[in-house]
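Report on the structure
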Amino acid sequence: MNDVREVVIIGGGPAGYTAALYAARANLHPLVIEGFAWGGQLMITSDVENYPGYADGVLGPAMMADFRRQAERFGAEFMTDDVTRVDFSQRPLAVYVGGEEFRARSVIVATGASARQLGLPSEQVLQGRGVSYCAVCDAAFFGGKEVVVVGGGDSAMEEAVYVTKYASGVTIVHRRDEFRASPIMLDRARANDRISFVTNAVVDEVFGSQQEGVTGVRILDVHTGETRELPAQGLFVAIGHDPNTALFLDQLDHDEAGYLVTQPGSTATNVPGVFAAGDVVDHVYRQAVTAAGSGCMAALDAERYLAADEGHEGTALTAPRPEAEAAGV
Ligand code: NAP
């Protein structure tokens, strides 16, 4: 068992690293348990052109390495491992990596969300080479190109419409002929003459190579079993996201989809001393810059909580305490 930390940050994406930067500069000596998949969703993107400050754009993995290095410069410590269990029912709060226990006065959860993937080996090979999970991030790379969008929900409709700002044509491929998307979003996509629909079909292969990027997809008709090839230079997979919250569901308030719920205008969860930031909370904006902003908020919230909590170690954390509420956390 090691000493009690001021703050342990779980997750190594824009939110976690920004929280680490702020916590480190506040002399809170944060430990970031960043996960084996540190860098998060930015590790499967290529150029990032919408992060302010990188005027010439930056590769997603390089940007995450920069975030990490900046936090490290002020003394943040990193552990490249996955948290396996947490116990927020008593204090110090406990975070476990296998048999190793880390105790902390505060914890920032920044484990992010994962874009659902089709699960095709060819999809994985071409991630960042034409296969994308974020239209806002990557649509501009497909000027004058043909693009396929997979999905039948609001995300797929929204992304398809967004991509038509750049692409010459967009084909929405959906596995059923009924849509989960809201009527208004579906109508907007249907009214767009650059968008066509292929229903009762799935993409079961992505063609292309690392060098030339995506060149097309194979479409399988789920009723007839027939396949055909569709030339395309881009594939946007818009089949939803899953928040990485399995570890916390029995201890932290969450919505039906599993996203953590924080108090309005704050990153405080229902457990005093536990804060949440980034895509693990946000299913609306999902941008690196918004995640970084909320990581900053979580570090400031943790700092204020710790200052207000001085001298109260040893209290069971079964219910919010008046002094924490008075501190606005
Ligand atoms: P979603 O509503 O869960 O839709 C996911 C879509 O992907 C469904 O059509 C689903 O098909 C399909 N799908 C799932 N797994 C698949 C697979 N392995 N292969 C092929 N297709 C697959 O997710 P979402 O569209 O991301 O929306 C999530 C939430 O955010 C929703 O509440 C939505 O309303 C909201 N949202 C709102 C807006 C907006 O209002 N501007 C924009 C985006 C999202 P099935 O239908 O057959 O299951």
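Residues numbered from 1 in each chain as written. Predicted model: local features only at pLDDT ≥ 70, side-chain atom pairs only at ≥ 80, totals over all residues. Heavy atoms only, no water.

**Some words on the nonpolar core**
- With 34 residues, the main nonpolar core has Ile9, Tyr51, Met63, Phe67, Ile108 and Phe275 as its most contacted residues.
- Here this core takes eight residues from helix 7 (residues 288–309), the largest share from any one element.
- Other than its neighbours up to four places away in sequence, Ile9 contacts Gly16, Ala19, Ala20, Pro30, Leu31, Val32, Ile33 and Ile108.
- Counting residues in each nonpolar core, the second largest holds 22 residues, with Val8, Ile10, Val109 and Ala276 among its members. (Core = buried A, V, L, I, M, F, W, Y, C linked by side-chain atoms within 4.5 Å. Buried < 20%, exposed > 50% of the residue type's maximum accessible area, 1.4 Å probe, protein only. Helix = DSSP H or I, 4+ residues; strand = E, 2+ residues; numbered from the N terminus. Contact = heavy atoms within 4.5 Å.)

**Regarding the layout of surface pockets**
- Here the second largest pocket is characterised by a volume of approximately 470 Å³.
- Lining the second largest pocket are 21 residues; nearest its centre among them are Gly151, Gly152, Gly153, Arg180 and Ile239.
- For the lining of the second largest pocket, the secondary-structure elements that each account for two or more residues are helix 5 (154–163), strand 12 (169–174) and strand 14 (201–209).
- Looking at the lining of the second largest pocket residue by residue, the class counts come to 10 nonpolar, six polar and five charged. (1 Å grid on protein atoms, 1.4 Å probe; cavity = no way out; pocket = protein on both sides within 12 Å on 5 of 7 lines; lining within 4 Å. Points joined across faces, edges and corners; volume = space filled by probe spheres on them. Nonpolar A, V, L, I, M, F, W, Y, C, P; charged D, E, K, R; others polar.)

**Here we look at the packing of helix 1 (residues 14–25) against helix 7**
- At a closest axis distance of 7 Å, the pairing of helix 1 and helix 7 adopts a crossing angle of 40 degrees. Where helix 1 crosses over helix 7, the handedness of that crossing is right-handed. Contacts between helix 1 and helix 7 involve Pro14, Ala15, Thr18, Ala19, Tyr22 and Ala23 from the former and Ala288, Ala291, Ala292, Gly295, Cys296, Ala299 and Leu300 from the latter.
- Residues of the contact of helix 1 with helix 7, tallied by class, amount to 11 nonpolar, two polar and no charged. (Axes fitted to C-alpha atoms, helices over the stretch in contact; angles between N-to-C directions. Left-handed = near helix turned anticlockwise from the far one by under 90°.)

**Observations concerning the sheet that holds strand 14**
- An order of 14-15-16 is seen for the three strands of this open sheet, with the pairing classed as antiparallel. Each having just a single partner strand, strand 14 and strand 16 (227–231) make up the two edges of the open sheet. Pairwise comparison of adjacent strand axes, ignoring direction, gives a mean angle of 25 degrees for this sheet.
- Of the pairings in the sheet, the one linking strand 15 (residues 213–221) to strand 16 comprises five bridges and is antiparallel in character. Paired with Val217 across the bridge in strand 16 is Leu230. (Pairing = 2+ DSSP bridges.)

**Quick word on empty space enclosed by the protein**
- In this structure the tally under the stated criterion is one cavity of 30 Å³ or more.
- Volume-wise, the largest cavity comes out at about 60 Å³.
- Split by residue class, the lining of the largest cavity holds five nonpolar, three polar and three charged.

**Brief notes about the site of the ligand**
- The immediate surroundings of the ligand are formed by 15 residues, with Asp154, Ser155, Arg175, Arg176 and Arg180 found nearest.
- Between the ligand and Gly152 there is a distance of 3.0 Å, counted from an oxygen atom to a backbone nitrogen or oxygen.
- One of the backbone nitrogen or oxygen atoms of Gly153 is found 3.3 Å away from an oxygen atom of the ligand.
- Here the ligand is seated within the second largest pocket.
- Among the elements that take part in the shell around the ligand, helix 5 stands out by supplying three residues, more than any other. (Near = heavy atom within 4 Å. Polar contact = N/O pair within 3.5 Å; in protein donor to acceptor, adjacent residues only side chain to side chain. Sits in = over half its atoms within 2 Å of the grid points.)

**Comments concerning the domain arrangement of the protein chain**
- Along its sequence, the protein chain is carved into domain 1 (5–114 + 241–327) and domain 2 (117–237).
- Using C-alpha coordinates to define each centre, domain 1 is positioned 33 Å away from domain 2.
- The interface of domain 1 with domain 2 comprises nine residues on the first partner and 10 residues on the second.
- Carbon and sulfur atoms supply 50% of the area buried between domain 1 and domain 2, which totals about 740 Å² over both sides.
- Taken together, the connections running from domain 1 to domain 2 amount to zero salt bridges.
- Remark: the boundary between domain 1 and domain 2 carries zero residue pairs in polar contact (both at pLDDT 80 or more).
- Tallied by class, residues from the side of domain 1 that touches domain 2 come to one nonpolar, five polar and three charged. (Domains from an automatic or database assignment. Buried area = accessible area lost by both parts, 1.4 Å probe. Salt bridge = Lys/Arg side-chain N within 4 Å of Asp/Glu carboxyl O.)

**Things to note about the sheet that holds strand 10 (residues 131–132)**
- Read across the sheet, five strands follow the order 10-17-11-12-13 without closing on themselves; strand pairing throughout is parallel. Both outer strands of the open sheet, strand 10 and strand 13 (195–199), are each paired with one neighbouring strand and no more.

**Section: the pattern of salt bridges**
- Tallied over the full model, the rule gives 10 salt bridges.
- Put simply, Asp66 and Arg69 hold a salt bridge, and the shortest N to O gap is 3.1 Å. Pair noted here: Asp66 and Arg69 are both in helix 2 (residues 60–73), with a separation of three residues, about one helical turn.
- Note that Asp204 and Arg218 form a salt bridge whose closest N and O atoms lie 2.9 Å from each other. Within this pair, whereas Asp204 is found in strand 14, its partner Arg218 is found in strand 15, the two being separated by 14 residues in sequence.
- Residue Arg218 is classed as partly exposed on the basis of its relative accessible area, which comes to 28%.
- In the salt-bridge network here, residues are joined through shared partners; they are Glu6, Arg91, Arg105 and Asp309.

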